[in-house]
Amino acid sequence: MGLKKVFIFFILFIRQISTTAQTEVLSQTLSVSFKNETLLEVLTQITNKTGVNFTYSSDNINVQQKISLQENYVTLNSILNKLSEEANVKWLLVGNQIALKAKEKLTYKICGKIIDSITQQAVQYATLYIKGENAFETTDFDGKFCLLKHAEGDYTLIAKSFGYKQLEKEILVKNNASYLSLELVPHTIELGETIVSSDKIIENTSVSETQITETQLEAAKGLSNDPMKAITSVPGVLATVDFFGPNDIHIRGGEGNENLFLLDNIRLPFPFYFIGQSVINPDMIEKTELLTGGFNPNYGNAMSSVFNFSTKTGSMEKYSGNVDLSFFNSSALVQGPIIKNKLSGIIGFRQSNIGFLLRALGFKSNMNDLNSKFTFIINEKNKLNFTSLFVTDKLDFSLKENELKNLKAFDKINAQCLQLQSVISSKAYNKLSVLYSSINVQASTLDASYGLNNAIYSLRNDYTYYPTSTSKLKAGIEFNVVAEKALARDIYRSTDISILDTITLFKERKSNAINYQSAAYLFYEGKVSARVNYILGGRFDYSYLNGAFDISPRLTLAYNASHSTILSVAWGLFNQSPDMYSMLQNNNLSSNKCIQYILSVKQILYKDLKLKLEGYYKDYKNQVIFDTAWKYTNNGYGYAKGIEIVAQKDKGRLNGWLSYSYAISERKRNLQDRVYPSYYDQRHAYNAQLTFSAREKKRRWFVPTSYSFQFKYATGSPYTPIVGVDSTAGKLQLLTGSINSVRNADYQNLNAKIQWQRIFGKKQNHIVKYYIDLWNIYSSKNLVERVYTLTKTGTYTVTNRFTTPFLFSIGIKLIFNKL
């Protein structure tokens, strides 16, 4: 017999012995009796009776599940098969051990339709979810819905919609053919649901809207603990973002002063620190909404956008809080009942640690903000809120020579809102707000100085009426008293660059006046048919100083082409009053005007993955500029246009968005003779904001809980070149080329956040988070400013200032009694 045949015979012999041994193991007979015992106890008893050991992963199999099984004098093979069905596991005998593995669960859809129990009409935009789960879906224009990936079993389905009683229905999922017909019963609106529905700026028919979740804010706030970092990655938003943050945001070709920033309805004219970080505390924010165009007439006196930050309401039942410590920032928050189920409070404090670092370099800095909200439940129909914000910002770089030219600055923001929210009938809701906002700025360098004391006193009332569950009428009035004292000495810039020479033209601005402003608005959101929704309304504004009376009509139409496709068009006239100083110099000025045209296509690609394509055109007219005739006029004009594509996913382990935008912005600005590309004319921009969460059950302690990435690439913005030096009457001056005719290098930036999380405590309601923030990972040199300076020899020097290179920070966040 050859060696090869001997080897084959040996293998077959060993296999036969193994098969015989396995047969003997599985042929053992035994009796078992288990009643509501854990799988772990069952396996232990079988091992004691047979000597067979079990191997499995506790992450893969729930050994605490209850098992009931009774068999008398049957083989181990039979018992394992019965146990496999009972515990939903697969088994395999390997040697003298039995390996267990969870069976793959079949999943099914839960689909159906929701109608009004009285009218029998479809209920649109109703929310559905399985009790105990976080994922939810909404009904489409036909009232249809589908919840995906649910295993066989009993569930409690919850359906709710504004103006209806909440429905809880026990359902059995067993095959893919189940279809539910649900009816919601109309009822009197309640305070809580009314506030949620009425206070939002993103209506069902809105265009150009983005809502940023609390998780996305947490992931993208960066080293500076600033929610504006997440907003700058939204398509249509242009900002020069440094480590500290943006303080000059341009929306779809608009100027930086064309944006409306709201914190619980409080208008914040400049919500930033000097170094760029915003004064918005992300831990205090419950909802962030951004409309980059086509917004409804209840928000006005702004031509580009609305940033709406809604603060959290403190818990009425239990105390909770958090402490967040990192290299660059420290923050703390506490909330809870003052009178249980009656009065609650929430207070958040942030302190920048930059001041401690700057002291080592001989500078002084102090930046902190205190944000609070107190809520009093008067009764089941009335609620009173008091929100306040205090900000202190001090910089002193005057202690030694430095490139910031002895900058000294002080900024103080003080803002409050007292708001009464009331359900006044079964279909009506009212919100009465008394508001105050002030900013006090004192800043100076060797070349310029700026002083501002601005205060806004406001009374506002918003009324909402719901004729049906799918229609809404909103109306409101607003009165503002704006008191301003300002004194500034700065350089006129026609080219948007700092030219420091011997014939620099300085401007001095001085104002001390009060302006009275009033406004009224009305709009209706309704349906033309089952597939066509619309918003139609207008706004009326009056300004005392220049006597301007503005009418701003708005219209949005949305067509539900299919269950997953919505086509929308929007048109509107947007007016914005001139600033105080311009009106004092020329009280015949009319308001800045912008006509917006928007075309939008929204497509649901799969479940929670959405695609939006939007095109816009903005026609700027009557723009207030300091003209070549050396006075303020309405001779400015221009346009902006662009296309934006964004893919967004709000739920699941991977969420965030990818976007691309193409934009053109050209304006006639101060001291310009015609239209030129704006200095914020950034043609191409790619943005990514992504967060990936690990599976908690399979994660080892050293594996991060989540990974977040923020990436931006944009083509360079334009600037005006210097082409030489000339002498006029013995004085040297720089010669400039065509305005904004040359482009800067492209902008690119990659940031990341890596986070670990541990849950502890008897009730598993305390959390500790460890994180690493990475800024500008590949240390891109993105230009912030180019400064030209003449020398005594008749030449000039150029100083380029770039964004901060690579930085990282580590931090820890402790959360107590997480709600």
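Residues numbered from 1 in each chain as written. Predicted model: local features only at pLDDT ≥ 70, side-chain atom pairs only at ≥ 80, totals over all residues. Heavy atoms only, no water.

Q: Before we go on, may I ask you to explain the overall build of the chain in this structure?
A: The helix and strand inventory of the chain stands at 8 helices and 49 strands. A buried classification covers 51% of the 819 residues belonging to the chain. Of all intrachain contacts in the chain linking residues separated by at least 6 positions in sequence, the fraction that spans at least 24 positions is 62%. For the chain, the accessible surface area stands at approximately 38,400 Å², while carbon and sulfur atoms represent 57% of it. (Helix = DSSP H or I, 4+ residues; strand = E, 2+ residues; numbered from the N terminus. Buried < 20%, exposed > 50% of the residue type's maximum accessible area, 1.4 Å probe, protein only. Contact = heavy atoms within 4.5 Å. Areas by Shrake-Rupley, 256 points an atom, 1.4 Å probe, with all protein chains shown as cover.)

Q: Would you explain helix α2 (residues 39-50) in this entry?
A: Helical periodicity: at 3.6 residues per turn, an α-helix aligns residues three or four positions apart in one direction. Between its first and last C-alpha atoms α2 spans 16 Å; for 12 residues at 1.5 Å apiece the expected length is 16 Å, and the two agree. If you check which residues of α2 are buried, you get Leu39, Val42, Leu43, Ile46, Thr47 and Thr50. Projection of α2 onto a plane perpendicular to its axis shows the buried side chains occupying an angular sector of 135 degrees, all on one side. Residues of α2 that are buried make contact with β1 (29-38), β2 (53-55), β3 (66-75), α3 (76-87) and β5 (97-102). Among the residues trailing α2, Gly51 stands out with phi positive, at a value near 80 degrees. (Expected span 1.5 Å × (residues − 1). Arc of directions from axis to C-beta.)

Q: What am I meant to see in the pattern of salt bridges here?
A: Between side chains of opposite charge, pairing is possible as soon as their charged atoms come close. All told, the structure shown has 21 salt bridges when counted by the stated rule. Residue Lys813 is joined to Asp283 by a salt bridge in which the shortest nitrogen-to-oxygen separation is 3.0 Å. Here Lys813 is found in strand β49 (residues 807-816), whereas its partner Asp283 is found in the loop between β17 (266-267) and β18 (285-291), with 530 residues between them in sequence. For Lys813, a relative accessible area of 5% corresponds to the buried category. By relative accessible area, Asp283 is classed as buried at 5%. Salt bridges linked by common partners bring Glu218, Lys221, Asp283, Asp324, Lys753 and Lys813 together as one network. (Salt bridge = Lys/Arg side-chain N within 4 Å of Asp/Glu carboxyl O.)

Q: Which parts of the structure should I look at to understand the pairing of strand β47 (residues 783-790)?
A: Sheet faces and side chains relate simply in a regular strand, where the side chains alternate between the two faces. Here β47 runs beside strand β48 (residues 796-802); their pairing, made up of 7 bridges, is antiparallel. Pairing of Thr789 across the sheet is with Thr797, part of β48. Count of turn residues in the β47/β48 antiparallel hairpin: 5 residues, of which Gly794 carries a positive phi of about 90 degrees. (Pairing = 2+ DSSP bridges.)

Q: Just to check I follow, could you spell out empty space enclosed by the protein for this structure?
A: Any empty space left between atoms is shown by rolling a water-sized probe over those atoms. Within this structure, the stated rule accounts for 11 cavities of 30 Å³ or more. Looking at the largest cavity, its volume works out to about 190 Å³. If you trace the largest cavity, you find 22 residues lining it, with Gly236, Val237, Leu238, Ala663 and Gln682 closest to the centre. Every element with two or more residues in the lining of the largest cavity is listed here: β14 (237-239), β15 (249-251), β36 (632-649), β37 (654-667) and β39 (684-693). At 4 residues, the largest contribution of residues to the lining of the largest cavity is made by β37. Class assignment for the residues of the lining of the largest cavity results in 10 nonpolar, 7 polar and 5 charged. (1 Å grid on protein atoms, 1.4 Å probe; cavity = no way out; pocket = protein on both sides within 12 Å on 5 of 7 lines; lining within 4 Å. Points joined across faces, edges and corners; volume = space filled by probe spheres on them. Nonpolar A, V, L, I, M, F, W, Y, C, P; charged D, E, K, R; others polar.)

Q: Explanation requested: the confidence of the model for the chain in the structure shown.
A: As a note on interpretation, predicted positions should not be read in detail where pLDDT is low. With 89% of its residues at a pLDDT of at least 70, the chain reaches an overall mean of 83. The model gives residues 6-19 a pLDDT under 50, and that stretch makes 1 contact with residues more than four places away or in other chains. Per-residue pLDDT stays below 50 along residues 496-505; that stretch engages in 39 contacts with residues further than four places along the chain or on separate chains. (pLDDT = per-residue confidence, 0-100.)

Q: Looking at this structure, I do not really get the nonpolar core. What am I missing?
A: The nonpolar side chains of a soluble globular protein tend to be buried, and buried together. Membership of the largest hydrophobic core comes to 45 residues, with the highest contact counts inside it found for Ile249, Leu268, Phe307 and Phe309. Look past the residues within four positions of Ile249 in its chain and what remains in contact with it is Met228, Val237, Leu238, Ala239, Glu255, Gly256, Asn259, Phe272 and Phe307. Leu30, Val52, Val89 and Leu93 belong to the second largest nonpolar core, which has 25 residues in total. (Core = buried A, V, L, I, M, F, W, Y, C linked by side-chain atoms within 4.5 Å.)

Q: Explain the environment of Ala486 here, please?
A: Tracing the backbone through its elements, the reader meets Ala486 in strand β28 (residues 472-491). For Ala486, a relative accessible area of 15% gives the class buried. Sequence spacing of Ala486 and Gln442 is 44 residues, and the spatial spacing of their C-alpha atoms is 9.8 Å.

Q: For this particular structure, what's the right way to read the sheet that holds strand β7 (residues 127-130)?
A: Think of a sheet as strands paired side by side through backbone hydrogen bonds, with each pair either parallel or antiparallel. Here we have 4 strands laid out as an open sheet, ordered β8-β7-β10-β11, and antiparallel in their pairing. Looking along the sheet, the strands with just one partner apiece sit at the ends: β8 (136-138) and β11 (167-173). Within this sheet the neighbouring strands show an average axis-to-axis angle of 25 degrees, counted without direction. In this sheet, β11 lies alongside strand β10 (residues 153-160) in antiparallel orientation, the contact comprising 7 bridges. Opposite Ile158, over in β11, you have Glu168 as the bridge partner. (Axes fitted to C-alpha atoms, helices over the stretch in contact; angles between N-to-C directions.)

Q: Honestly, the sheet that holds β5 in this entry has me stumped. Any pointers?
A: If you walk across this open sheet you meet the 3 strands as β2-β5-β4, and the pairing is mixed. Two strands bound the open sheet, and with one partner strand each, they are β2 and β4 (89-94). If you compare each strand with its neighbour and ignore which way they point, the axes differ by 30 degrees on average. Judged from the 6 bridges that link them, β4 and β5 form a sheet pairing that is antiparallel.

Q: Help me out: how do you make sense of α3 in this one?
A: Between its first and last C-alpha atoms α3 spans 16 Å; for 12 residues at 1.5 Å apiece the expected length is 16 Å, and the two agree. Backbone geometry just after α3 places Asn88 at a positive phi near 60 degrees.

Q: Looking at this structure, I do not really get the state of the cysteines. What am I missing?
A: One pass over the full model with this rule turns up 1 disulfide. Between the sulfur of Cys111 and that of Cys146 lies a disulfide, 1.8 Å long from S to S. Given an S-S torsion of about 90 degrees, the disulfide between Cys111 and Cys146 has right-handed geometry. Placement of Cys111 in strand β6 (residues 107-116) and of Cys146 in strand β9 (residues 144-151) is noted, with a sequence separation of 35 residues between them. For Cys111, a relative accessible area of 13% puts it in the buried group. (Disulfide = S-S within 2.5 Å.)

Q: I keep staring at the packing of α2 against α3 and nothing clicks. Help me out?
A: In helix packing, the relevant descriptors are the interaxial angle and the interaxial distance, both defined with respect to the helix axes. Running from N to C, α2 and α3 cross one another at 175 degrees; their axes reach a closest spacing of 13 Å. Relative to α3, the element α2 is oriented roughly antiparallel. Between α2, through Leu39, Val42, Leu43 and Ile46, and α3, the contact on the second element is made entirely by Leu76, Ile79, Leu83 and Ala87. (Parallel < 35°, antiparallel > 145°, perpendicular 65-115°, else oblique.)

Q: I tried to follow unusual backbone geometry on my own but got confused; where do I start?
A: Excluding glycine, most residues fall at negative phi; most peptide bonds, likewise, are trans. Phi at Ser208 is positive, roughly 55 degrees, even though this residue is not glycine. Note on placement: Ser208 falls in the loop between α4 (191-198) and β13 (209-212). The exposure class of Ser208 is buried, given its relative accessible area of 2%.

Q: Just checking my understanding: could you explain the packing of aromatic side chains for this structure?
A: The full count for this structure, using the stated rule, is 17 aromatic pairs. Seen in terms of ring centroids, Phe327 and Phe808 are 6.3 Å apart; in terms of plane orientation they differ by 65 degrees. Their pairing is edge-to-face. Of this pair, Phe327 sits in the loop between β20 (320-326) and β21 (329-339) while Phe808 sits in strand β49, and the two are 481 residues apart along the sequence. With relative accessibility at 43%, the residue Phe327 sits in the partly exposed group. Measuring from centroid to centroid gives 5.7 Å for Tyr516 and Tyr544, while their planes differ by 75 degrees, and the two rings are edge-to-face. With a gap of 28 residues between them, Tyr516 in strand β30 (residues 506-527) and Tyr544 in the loop between β31 (532-543) and β32 (548-562) connect regions that are remote in the sequence. Note on Tyr544: relative accessible area 48%, which makes it partly exposed. Among the aromatic residues, those joined into a cluster by ring pairs are Phe261, Phe270, Phe272 and Phe307. A cation sits over an aromatic face here: Lys753 above Tyr771, 4.6 Å from the ring centre. When the ring centre of Phe802 is taken as reference, the NZ or CZ atom of Lys781 above it lies at 4.6 Å. (Phe/Tyr/Trp six-rings, centres within 6.5 Å; stacked < 30°, edge-to-face > 60°. Lys NZ or Arg CZ within 6 Å of the ring centre and 35° of its normal.)

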